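Here is how the chains run, residue by residue.
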Amino acid sequence: MPPFFSNAPKTHAPRAEKRPFRLVAHGVERIDDYAWIRAKNWREAIRDPAALPREIRALIEAENAFSEAALRGLEPLADKIYEEMTARVDETDSDPPARDGDWLYYSRFRAGGQHELVCRTPVAGGPEQILLDGDALAEGKDFFSLGDAVHSPDHRLLAFACDERGNELHRVSWRDLATGASSADVVENSDGTIVWTRDSTGFLYTRMDEDFRSSEVFLHRLGADPSTDRLIFAEKDPAWFVHLRAARARNMAIVKVSDHDCAENWLIDLDRPEAPARLVLPRRAGLRYEVEPGRDRLFMRTNADGAFDYKLVSAPLDAFASGEWREEVPHRPGRMIFNASVFADYLVWLEREDCAPRLCVKHLDDRGERRLDFATPCHHLRLQPNFEFERPILRFAYSSLAEPEEIFDYDLAAREKTLVKRQNVPSGHVAADYQTRMVFAPAPDGEKVPVSLVWRRDRKPGPGPLLLYGYGAYGVALPDCFDESRFSLIDRGFIYAIAHVRGGTEKGSRWYEAGKLERKANTFSDFIACARHLCALGLTEPKKIVAEGGSAGGMLMGAVANMAPELFGGLLAEVPFVDVVNTILDASLPLTPPEWNEWGNPIEDAGAFRRLLSFSPYDNVAAQAYPPMLIEAGLTDPRVTYWEPAKWAQLLRERMTGGGPILLKTNMEAGHGGAAGRFDELEEAALRQAFAIAATGGDVQV
């Protein structure tokens, strides 16, 4: 056990009462002693934490008190790291303004502010108008998160969505920008997305059902009773989620209905939002696509016809139902097209090959394409919001693991880019002081798993402390982007490493397919292979590695803790999905039906059940020593419900033969994303870093 934890004052960890609950599926009997920690009224408790039964609340509060006592000796170090983190934050940070008609819109922060201010200034010059003050809206609330904040097409109104519980249920309001008067008609239970009608008399929004699933699109007319809102689109299958967004041309809304296997898209005319939505392509197994209307053509990014790494096609906007799609950018295996945007005369997309992203452009009348390559290893590109469809000005952002973000306006016609913002790090940051590198770890089956690394150039040679971050699910590619909060660890001698394990799309769609369903075990063996390879390179050694992951990445943490606990000095598991079998067997839980295409359906498929049972972290806790763990949960989390990490912590303490401690910290006022304020987030990050230093035997004295 690391010195800090072995010398820490001894306090008794909370031990929950064991109440055996018998579970039988596919002829396999399991006994869950801690099933009672899931409240019978869990839906109500997620909506209102005050409804949580007293004995469950008492257990969670006891866990928090135990963790606080165990970590008290780290408070000075965590406070110091927090000071360093906040010193890197530009307290008055602002987005570069984006033009829309006669106005420039942007968001900024005030010094010391936790939440954004939504602002605008006239293009012709004049005083700033603060349209929405996030700090004022959050005042007096334990939790506050701003969803969409969207001005109306006529620039007279602003509609905005707020989550005040952390349960992702947003209230949508609107206000008159001339008078500042707020609406009396407030829409409840939205997912936070807003799309205005073209006449500025109403907006579309997505409503969440009683199981916290986005399932319906409604039209709200300003001033009307929300109970009379008109249903525009509904999805009855609980395995499908409904997502809403505005087209870049802002003449249509796009409704995307998807699970983890396929999708379909519908178009809503924002001049006639009550007219029937138009289906682009019907859903079928394995078909994934998304669409964007152009001036007179509909563009689509799709994996149809064997284009597993995606291609871009288009069809006449008024006749796409004919099925005559023209190829704009062909499929090329190994080149993953992962994002695309449409201008009046240009098509823009981001692609990734061998883990390196690049930006590509083509004129719609020209079959050729041009690329913007960036030679820096371990970098990240993203497209930025841009209101204007006709002007050929693309806004994009670039950063790397060592370089702060830069935002450019790229003139698509003149082929010139202009820097419009460089991220300010007030305490100072010299990118040349840091080294980035990508290495490839050999997996047990011979695959090469990419690992991105960043460390100080003057770091002491030899094996030292290393934080290894992983996720590996849903096709999510972990970005090699700049994060100023990491450098308190890096400046203390840590290497920060990102394991691009199978289950993401860092090496294309095949990388995703090789880390799901019957091949999910590759995700875990890849992560362990990365840890061992970094040891073999002499960069670190067993017990000097802290593993970190959240949500599905938290499941990864639980799995590798069971499989190779000897490798890790500590584990950081944020909102970890660990009670896999019980959750995926329960179709009443918010995310279960959509998850079957990612993990398998253990209700109907005995093979899927046994496969999940073979790696479910909760079901595979063993009589062995475990490294120190800091487990974080959110009481109002509808994605990974609070009882999963609570049950896991209890079972770990019951069965482990040594090591630890196992610390569970539940945010009583937040959900899946943790604290919402920008400085509150840094407090949580500072504690994790202090824990990582202690877990690897580092100096915890300030």
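Our structure's up above, just so we're on the same page.
Anyway, here's the lowdown on the structure attached to this text. Numbers given for residues are sequential positions, taken from 1 along each chain in its written order. Local features in this predicted model are restricted to residues of pLDDT 70 or higher, and side-chain atom pairs are both shown and tallied only at a pLDDT of 80 or more, whereas totals for entire chains, interfaces and linings draw on every residue. As a rule here, side-chain values cover all heavy atoms of the structure and leave hydrogens and water aside.

**What to know about the environment of Ala239**
Each helix is a run of DSSP H or I of at least 4 residues and each strand a run of E of at least 2, with the numbering of both proceeding from the N terminus. Along the chain, Ala239 turns up in the loop between strand E13 (230-234) and strand E14 (241-246). Under the scheme applied here, a residue whose accessible area is under 20% of the maximum for its type counts as buried, over 50% as exposed, and between as partly exposed, the area being computed with a 1.4 Å probe on protein chains only. For Ala239, a relative accessible area of 13% puts it in the buried group. Distance from Ala239 to Ala587, taken between C-alpha atoms, is 9.3 Å for residues 348 residues apart in sequence. It only takes one pair of heavy atoms within 4.5 Å for two residues to be counted as in contact. Those residues within four positions of Ala239 in sequence are excluded, and the remaining contacts are Ser258, Asp259, Pro593 and Pro594.

**So, unusual backbone geometry**
Note the cis peptide between Gly660 and Pro661, where omega equals 5°. Along the chain, the position of Pro661 falls in the loop between strand E38 (658-659) and strand E39 (662-667). We note that Asn189 has phi near 60°; this positive angle belongs to a residue other than glycine. With respect to the helices, strands and loops of the structure, Asn189 is situated in strand E10 (residues 187-196). One non-glycine residue, Asp354, lies in positive phi territory at about 50°. Relative to the assigned elements, Asp354 resides in the loop between strand E23 (346-353) and strand E24 (356-363). The exposed category is assigned to Asp354, whose relative accessible area is 63%.

**Brief notes about the pairing of strand E27 (residues 393-400)**
Burial within E27 is extensive, with 8 of its 8 residues counted as buried. Across the two faces of E27 the burial is the same, with Ile393, Arg395, Ala397 and Ser399 and Leu394, Phe396, Tyr398 and Ser400 all buried. Of the strand pairs in this sheet, strand E26 (residues 379-383) and E27 are connected by 5 bridges, and their pairing is antiparallel. In the strand pairing of E27, Leu381 is matched with Tyr398. Strand pairing is defined by DSSP finding a minimum of two bridges between the two strands. Across 6 bridges, E27 lies against strand E28 (residues 406-411) in antiparallel orientation. Paired with Ala397 across the strands is Ile407, a residue of E28. If you look at the hairpin formed by E27 and E28, you'll find 5 residues sitting between the two strands.

**So, the packing of helix H8 (residues 521-536) against helix H9 (residues 552-563)**
Note on method: axes are straight lines fitted to C-alpha atoms, helices fitted across the in-contact stretch only, with angles between N-to-C directions ranging 0 to 180 degrees. Relative to each other, H8 and H9 sit at 70°, their axes nearing to 10 Å. By the angle class used here, H8 and H9 are roughly perpendicular. Crossing of H8 against H9: the hand is right-handed. Where H8 approaches H9, its residues Thr523, Phe524, Phe527 and Ile528 are matched on the opposing element by Met555, Leu556, Met557, Ala559, Val560 and Met563. Residue composition of the contact of H8 with H9, by class: 9 nonpolar, 1 polar and no charged. Note that the term roughly parallel is reserved for angles under 35 degrees, roughly antiparallel for angles over 145, roughly perpendicular for angles of 65 to 115, and oblique for everything else. In this scheme, a crossing is called left-handed if the near helix is turned counterclockwise away from the far one by less than a right angle; it is called right-handed if the turn is clockwise. Charged means Asp, Glu, Lys or Arg here, nonpolar means Ala, Val, Leu, Ile, Met, Phe, Trp, Tyr, Cys or Pro, and polar covers whatever is left, Gly included.

**Overview of the sheet that holds E27**
Backbone-to-backbone hydrogen bonds join strands into a sheet, with any given pair of strands oriented parallel or antiparallel. Reading across the sheet, the 4 strands line up as E26-E27-E28-E29 and stay open at both edges, with antiparallel pairing between neighbours. Each edge of the open sheet is held by one strand with a lone partner, namely E26 and strand E29 (416-422). Put simply, the sheet's adjacent strands are angled 25° from each other on average, direction ignored.

**Brief notes about the sheet that holds strand E35 (residues 568-574)**
Across the sheet, which stays open at both edges, the 8 strands sit in the order E30-E31-E33-E32-E34-E35-E37-E39 with mixed pairing between neighbours. Here the strands that pair on one side only, and so sit at the sheet edges, are strand E30 (434-442) and E39. Strand-to-strand twist of the sheet, defined as the mean angle between neighbouring strand axes without regard to direction, takes the value 20°. As defined by bridge partners, strand E37 (residues 629-634) adjoins E39 across 6 bridges and the pair is classed as parallel. In the strand pairing of E39, Leu630 is matched with Leu663.

**Some points on the packing of aromatic side chains**
Working definition: a ring pair exists when centres of Phe, Tyr or Trp rings (six-membered ring for Trp) sit within 6.5 Å. Plane angles under 30 degrees give stacked, over 60 give edge-to-face, the rest tilted. For the structure on display, the rule yields 18 aromatic pairs. Note on Phe524 and Phe615: the rings are 5.1 Å apart at their centroids and 55° apart in plane angle, and the pair reads as tilted. Of this pair, Phe524 sits in helix H8 while Phe615 is found in helix H12 (residues 606-615), placing the two residues 91 residues apart along the sequence. For the pair shown, Phe524 and Phe615 are each scored as buried. Considering the side-chain rings of Phe527 and Phe568, the 6.2 Å spacing of their centres and the 35° angle between planes classify their relative orientation as tilted. With a gap of 41 residues between them, Phe527 in helix H8 and Phe568 in strand E35 connect regions that are remote in the sequence. Phe568 sits in the buried class, given a relative accessible area of 0%. Each member of the aromatic cluster is reached from another via a ring pair, and the members are Trp196, Phe203, Tyr205 and Phe218. Two thresholds decide whether a charge sits over a ring: the Lys NZ or Arg CZ must be within 6 Å of the ring centre and within 35 degrees of the ring normal. In this structure, Arg47 packs its charged tip against the face of Phe212, placed 5.1 Å from the ring centre.

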